[in-house]
Amino acid sequence: MSAAKVKMREKKMRNQPTSVQYPSTPLSVESSTQNGGDTPVTGGDVGHGPSDTHPSTERQKSSHHQSGWVRGHQKDGGSYAKEMPKYITAGGFARARAAEVSAMLKAVKKTTGSCHVFAALPKHMRRRAMSHNTKRLPHRLREVANRMRQKSLQAGSKKKKEQAKNKSRKARRRHGNLLLEFNRRQRKNVWLETHIWHAKRFHMVKKWGYCLGDRPTYKCYRPCYRAMSTHCLLQDLSYYCCIELQGEEDKLLAALSQLTSKETGPTFAAALCISGRRQGSVVIYRAGCYPSQPLGPVTFLWRPRTQGSSHRQLWIWAHPTIKQDLLPELQRVCQCCEAVVPPVVPVVTPAEVAPTPEPELKPQKTHGAIQIPRTKRKRNCKDASGPPAKKILGDGSRSPTTPVTWRSSSTGIVINDLTMEIVRYRLIGPQSHSVLAETLEAATDCEEMNKSQPSPLWWPEHCKDESKMKLHQQQADIFHILKDIYSTGELPSGAVLGLAVDDPRLTLPTKKVKALPCVKQAQEVDEEKRRELMLRGVPEHCCQSFLWEQSVRDNVTDNKISEQELNRMRSDVLVPGSRLSPTPLQGRVPILLVHQPGKQVGHEMSSWGAGWDLLLPKGWGMAFWIPLVYRGVRIGGLNMSLKHSQNKGAPNFPHDYPDCPAGIDFQEEQEAELLDKFKRRPPAKRTNYIKHGCLAPFRCPWQQLAEEWELITREGEEEQKRDSQTQTTTDADTVMEEAMTSHTAVTKPQSRFTVLRSRKSLRLLSGWCRPTTSKGQRPSRAGEVPPLDSSAMTSFLTEHGMSLVWVRLSLLSKGKPELHAMVFVPSTEDLKLLSNKSDSSGPQELAHKNHFKSRMKRRKKGSKKTATSSLSSDKTEGKGSDLPSASEPNLTTSSEDPKSSSESSTDLILGLWPDPLPSITSHCSRVTLGWVTQGDFSLSAGCGEALGFVSVAGLVNTLLNQPKEHRGILLLRNPTSLHYRFAKINIEV
């Protein structure tokens, strides 16, 4: 019998009575009569009292006395005795039978394991309805069933409150209940205003505290690329955090200069010096820590100066992953330590969310004695008993008492957190301006209103000022000129246009149309104005917008026309589909149009990916989103943002910032996700990365790569000092391999790696790589870069020895780079193979030996032995618990592989190297330079392209030892392949 069956039998027979024996000797009878007839009977009784005897003693007594009646099966093979007892004591016999009956009843009534009171019934009397209606049980079992039911209810009430009955679907779909449910679902992950539209059409992901659309549910990779190349792609970037700074211009620039460096490019002050440019992007560092400890890239936008005032206003747009690090740095450099907690005021309900109650119902709610009979009392939002049925506008995860404003008493700078206060849409493509021109119309003057009377709306008060209306007319003229420009990339980068427009829902077309530029109108427009706009950009005074004013933004949000009211106005129009006339007073919205430049580096596809950013006040997201969709734009998610930056050849945050805290966290999350996906596959269907020579298929150990290359560089310098005579005859590959093998035991430096972002150093390194196009058709300009020699390499590496550099790799033949593909240094034989045009596909890597295969087998055998020993230990009571712990050390101590002897067998995963990793650079037959962070077939270049990082020390060593005709040629290999591909490196500045 198996161990499991033995356990089940023991559990079943636990409460059963034991065998009873009745000796029939005259001695026992006499003793029983002397003791009242109790001793012999109870001595062999059921076995529940204190006078029980051991079964072995009973068997011994029965063996001595062969005669007499014995009950029960004889284990020694004896048969039942035919002789019956001559006489018995009636009292003792009756007591013994009574004890047996009581033991039997106790065993029947006691529930064991999952048994229920229904088990006391025969099977033909059991009914399923008895479980919830105890009256269907027999009368003798109802009391027990009721007690068990009460116990289960009490236990359930302690753990979890009894849930109320779910509302019907009709009740759940009511507007107020829907908003309450939506607010509940936004407690952990905030929704954007376009969330419901995206949730019906996109795969949603929860990232960075938001619920965002990742990719559409339909196939749209090539259509989205065509939209970015020929028409327009629309994205919702409202999850980016906006931080506002106000103060004197010189104090703002002095504080912000501590977070940036001029070596990395234009700073906050450079945007003010360039005419017509008010926005830009810059990498933020911790104060005084350049070039280490970067926080990440941010984009900024300056408000135009007002006449006779040095007070400036600045908006900084940051990714949500760096907001928590950026705010403390800004507070420290601006000395803003005084937090201003806003007063708790009731949230103003927009007109579209919940209709305002009727005026005649308000006094009835204030006076409790006056009530109308036979009417249902509607839920009041001001009641303290329930949550308000209002849509959360703004940052829903932020408490009303959380400070969003910080002031400085010394510098006078004010910092405001405008997260989720401004809606931000991005339009990418050459026809983005045509889509905006078709969707938006400049706000019309409110001539029908008496201007002498004050108005609670912002636009009528704005129309009273002639200077403001003159500025609005100039902005409208520039916006009309935008309609006649052929491509968005023709405008200068950094242009900003402020404008007030009518509600775009008033001009919504009846069906989708594709917005295209009109050629006839382009011929009739004034050519001089269009040429001036293309050369000089938007004038500075036209960059002004009322969107900068907090009071105007709140006024526009609070007085938005509801969809119900708008539909009622449309129904009154004589011609269906025509524009509403006159325009409602609350139908004017201030906006900002910010031009986004396309590709600005390299010689290929200049200005590709240019577009516009549309900034709106909160609450107006869907009012502008639907009209833009009706103009034929494609909608993109997070995945398309990654492809957009990849086609532009620009790093994407946080994917391509491994030295930032957000980039480090992203790599850890990505590694955990890829490893979990790898483990979900059956072991026989997994890729064996050990045999493919891939040490880290799910992550990129940048720190180890930079440290190993710094050691290789030091060893090379020492060998050059020793053997300066044989420097020209030494092969570069053998030098690097010897250096790597000799420095396996050298103590590694403790410095942290950095990413090279200095424009001067990048330009020098780009010249050494001889930058060309993807197909290698355009040589670099001669005479601009100093030649690369040993002295130039030494001076360059003394400053950037522990740095990585962002590169773009273009395959010279077929192939598609994948994520975490490895970049290698080609050998001399590989370059000769490249010269042979008949076979330029690339060399092959020999399959590596799996050193952990035998250890995995021993672990499997040990687990089987442990399982069998545990089964045998169940039969022999309690000695098998020490067997598994004793067998585990044998697997580790008996390992023959010295590299894996220190690791426990439980950490091994079939096909993956365990930590710590061996030498990265010398693991394969070619020397490793770096890894790929983005890779795919580029539709713009027509070949496979990869973006990633390589070691600066390794790259300079490689370029120095390569011939000039093959300088900049590297090898690239995917983690799941043994085939190398030739690639050309490009460093674009």
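Residues numbered from 1 in each chain as written. Predicted model: local features only at pLDDT ≥ 70, side-chain atom pairs only at ≥ 80, totals over all residues. Heavy atoms only, no water.

This part is about the sheet that holds strand E4 (residues 233–236). Taken together, the six strands give an open sheet; going across it, the order is E13-E14-E15-E12-E4-E16, and neighbouring strands pair in mixed fashion. The sheet is open, and its two borders are formed by strand E13 (496–502) and strand E16 (634–635), each paired with just one other strand. The strands that helix H22 (residues 621–629) touches are E4, strand E12 (422–428), E13, strand E14 (588–596), strand E15 (611–617) and E16; relative to E12, the one it contacts most, it runs at about 15°. (Pairing = 2+ DSSP bridges. Helix = DSSP H or I, 4+ residues; strand = E, 2+ residues; numbered from the N terminus. Contact = heavy atoms within 4.5 Å. Axes fitted to C-alpha atoms, helices over the stretch in contact; angles between N-to-C directions.)

Moving on: the nonpolar core. Counting residues in hydrophobic clusters, the biggest one holds 69 residues, and the most contacted among them are Leu 765, Val 805, Leu 809 and Leu 955. Looking at which element gives the most residues to this core, the answer is strand E18 (residues 803–811), with six residues. For Leu 955, the residues in contact, after removing those within four places along its chain, are Leu 765, Cys 769, Val 805, Leu 929, Val 950, Ile 985 and Ile 987. Core analysis: the second largest hydrophobic core is formed by 60 residues, Trp 315, Val 435, Cys 543 and Val 556 among them. (Core = buried A, V, L, I, M, F, W, Y, C linked by side-chain atoms within 4.5 Å. Buried < 20%, exposed > 50% of the residue type's maximum accessible area, 1.4 Å probe, protein only.)

Here the focus is the confidence of the model for the chain. Of the residues in the chain, 73% reach a pLDDT of 70 or more, and the chain-wide mean stands at 76. Between residues 344–396, whose pLDDT stays under 50, and residues either more than four places distant or in other chains, the model counts 53 contacts. (pLDDT = per-residue confidence, 0-100.)

Turning next to the packing of helix H27 (residues 759–768) against helix H28 (residues 790–800). For the pair H27 and H28, the least separation of the axes is 12 Å and the interaxial angle reads 140°. Here H27 is positioned oblique relative to H28, judged by the angle of their axes. Judged by the sense of rotation from one axis to the other, the crossing of H27 with H28 is left-handed. Note on element contacts: H28 touches H27 through Ala 792, Phe 796 and His 800, opposite Ser 761, Leu 764, Leu 765 and Trp 768. Of the residues belonging to the contact of H27 with H28, the class tally is five nonpolar, two polar and no charged. (Parallel < 35°, antiparallel > 145°, perpendicular 65-115°, else oblique. Left-handed = near helix turned anticlockwise from the far one by under 90°. Nonpolar A, V, L, I, M, F, W, Y, C, P; charged D, E, K, R; others polar.)

The subject of this paragraph is the pairing of strand E3 (residues 210–216). Extensive coverage of E3 is indicated by the burial of six of its seven residues. Examined bridge by bridge, strand E1 (residues 190–191) and E3 share two bridges and lie parallel to one another. The residue bridging Trp 191 from the neighbouring strand is Cys 211, located in E3. Direction of pairing for strand E2 (residues 202–207) relative to E3: antiparallel, over a ladder of six bridges. Along E3, the bridge assignment pairs Lys 206 with Cys 211. What sits between the antiparallel neighbours E2 and E3 is a turn of two residues, in which Trp 208 has the positive phi angle 60°.

Attention now goes to the environment of Gln 453. Inspection of the secondary structure puts Gln 453 in the loop between helix H15 (432–439) and helix H16 (458–463). The class for Gln 453 is partly exposed, based on a relative accessible area of 48%. With near-sequence residues (within four places) excluded, Gln 453 lies in contact with Glu 461 and Lys 464.

Within this structure, the stated rule accounts for zero disulfides. With no disulfide partner, Cys 542 has as its closest neighbouring cysteine sulfur the one in Cys 543, 7.1 Å distant. Cys 542 sits in the buried class, given a relative accessible area of 1%. (Disulfide = S-S within 2.5 Å.)

This part takes up the packing of aromatic side chains. Applying the stated criterion across every chain yields a total of 23 aromatic pairs. Geometrically, the ring pair formed by Phe 268 and Phe 300 is tilted, given 4.7 Å between the ring centres and 45° between the ring planes. A residue pair is termed long-range when its members are at least 10 positions apart, and Phe 268 in helix H12 (residues 268–273) and Phe 300 in strand E7 (residues 294–302) qualify at 32 residues. By the burial criterion, Phe 268 is buried, and Phe 300 matches it. Ring centres 5.2 Å apart and planes at 80° place the aromatic pair Phe 824 and Tyr 980 in the edge-to-face group. Remark: Tyr 980 occurs in the loop between strand E22 (969–973) and strand E23 (981–986) and Phe 824 occurs in strand E19 (residues 822–824); sequence separation between them is 156 residues. Grouping residues by exposure puts Phe 824 and Tyr 980 together as buried. Sitting over the face of the ring of Trp 317, Arg 424 holds its NZ or CZ atom 4.9 Å from the ring centroid. (Phe/Tyr/Trp six-rings, centres within 6.5 Å; stacked < 30°, edge-to-face > 60°. Lys NZ or Arg CZ within 6 Å of the ring centre and 35° of its normal.)

What follows concerns the pattern of salt bridges. Taken as a whole and assessed by the stated rule, the structure comprises 30 salt bridges. Of the charged contacts, one joins Arg 286 and Glu 329 as a salt bridge, the two residues approaching to 3.1 Å between their closest N and O atoms. Taken together, the residues Arg 286 in the loop between strand E6 (279–285) and E7 and Glu 329 in helix H13 (residues 323–333) connect sequence positions 43 residues apart. Classification of Arg 286 as partly exposed rests on a relative accessible area of 24%. Across the pair Asp 676 and Arg 680 runs a salt bridge, and its minimum N-O distance is 2.5 Å. Of this pair, Asp 676 and Arg 680 both sit in helix H24 (residues 661–680), separated by four residues, roughly a single helical turn. Here the salt bridges do not stand alone but share partners, grouping Glu 249, Arg 305 and Arg 312 into one network. (Salt bridge = Lys/Arg side-chain N within 4 Å of Asp/Glu carboxyl O.)

Moving on, we get to the packing of helix H10 (residues 221–230) against helix H23 (residues 638–648). Where H10 meets H23, the axes come as close as 11 Å, and the angle between the chain directions of the two elements is 55°. When the interaxial angle is binned, H10 and H23 end up oblique. Two packed elements cross with a definite hand, and for H10 against H23 that hand is right-handed. Across from Tyr 221, Cys 224, Tyr 225 and Met 228 in H10, the residues of H23 making contact are Met 640, Lys 643, His 644 and Asn 647. Its residues assigned to classes, the contact of H10 with H23 shows five nonpolar, two polar and one charged.

What follows covers the sheet that holds E7. One open sheet accounts for seven strands, arranged E6-E7-E8-E5-E11-E10-E9; its pairing is antiparallel. With one partner strand each, in any of the chains shown, E6 and strand E9 (338–340) form the two edges of the open sheet. Between one strand and the next, the sheet's axes are offset by a mean angle of 25°, whatever the strand orientation. In terms of strand pairing, E9 meets strand E10 (residues 405–407) through three bridges, oriented antiparallel. Residue pairing across strands places Ala 339 opposite Trp 406, the latter belonging to E10. In this fold helix H11 (residues 249–256) packs onto strand E5 (241–248), E7 and strand E8 (311–318), with an angle of close to 130° to the strand it touches most, E5.

With that settled, the discussion passes to helix H8 (residues 175–185). Within H8, the full set of buried residues consists of Leu 178, Leu 179, Phe 182 and Asn 183. Viewed along the axis of H8, the buried residues span an arc of 135°, placing them on a single side of the element. If you follow the buried residues of H8, they end up packed against helix H7 (169–172), E1 and helix H9 (195–199). (Arc of directions from axis to C-beta.)

Turning to unusual backbone geometry, a few remarks are in order. For residues that are not glycine, phi is negative in most cases, and the peptide bond is trans in most cases. A cis amide bond links Phe 653 to the next residue, Pro 654, at an omega of 5°. Going from Asp 915 to Pro 916, the amide bond is cis rather than trans, its omega being 0°. Locating Pro 916 in the fold gives a position in the loop between helix H31 (883–893) and strand E20 (928–938). With a phi close to 60°, Trp 208 is a non-glycine residue in the positive phi region. Here the phi dihedral of Met 420 falls at roughly 65°; this positive angle occurs in a residue that is not glycine. Mapped onto the fold, Met 420 is located in the loop between strand E11 (414–417) and E12.

Okay, a positive patch on the surface next. Together, Arg 169, Arg 172, Arg 173, Lys 200, Arg 201, Arg 222, Arg 226, Lys 512, Lys 514 and Arg 634 make up a positively charged patch on the protein surface. Of all the elements in the fold, those that place two or more residues in the positive patch are H7 and H10. Positionally, Lys 200 belongs in the loop between H9 and E2. In this structure Lys 200 comes out as exposed when scored by relative accessible area, which is 65%. (Patch = residues over 30% accessible without salt bridge, like charges linked within 9 Å, V, L, I, M, F, W, Y side chains within 5 Å. Areas by Shrake-Rupley, 256 points an atom, 1.4 Å probe, with all protein chains shown as cover. Lys, Arg positive; Asp, Glu negative; His and termini not counted. Charge placed at Lys NZ, Arg CZ, Asp CG, Glu CD.)

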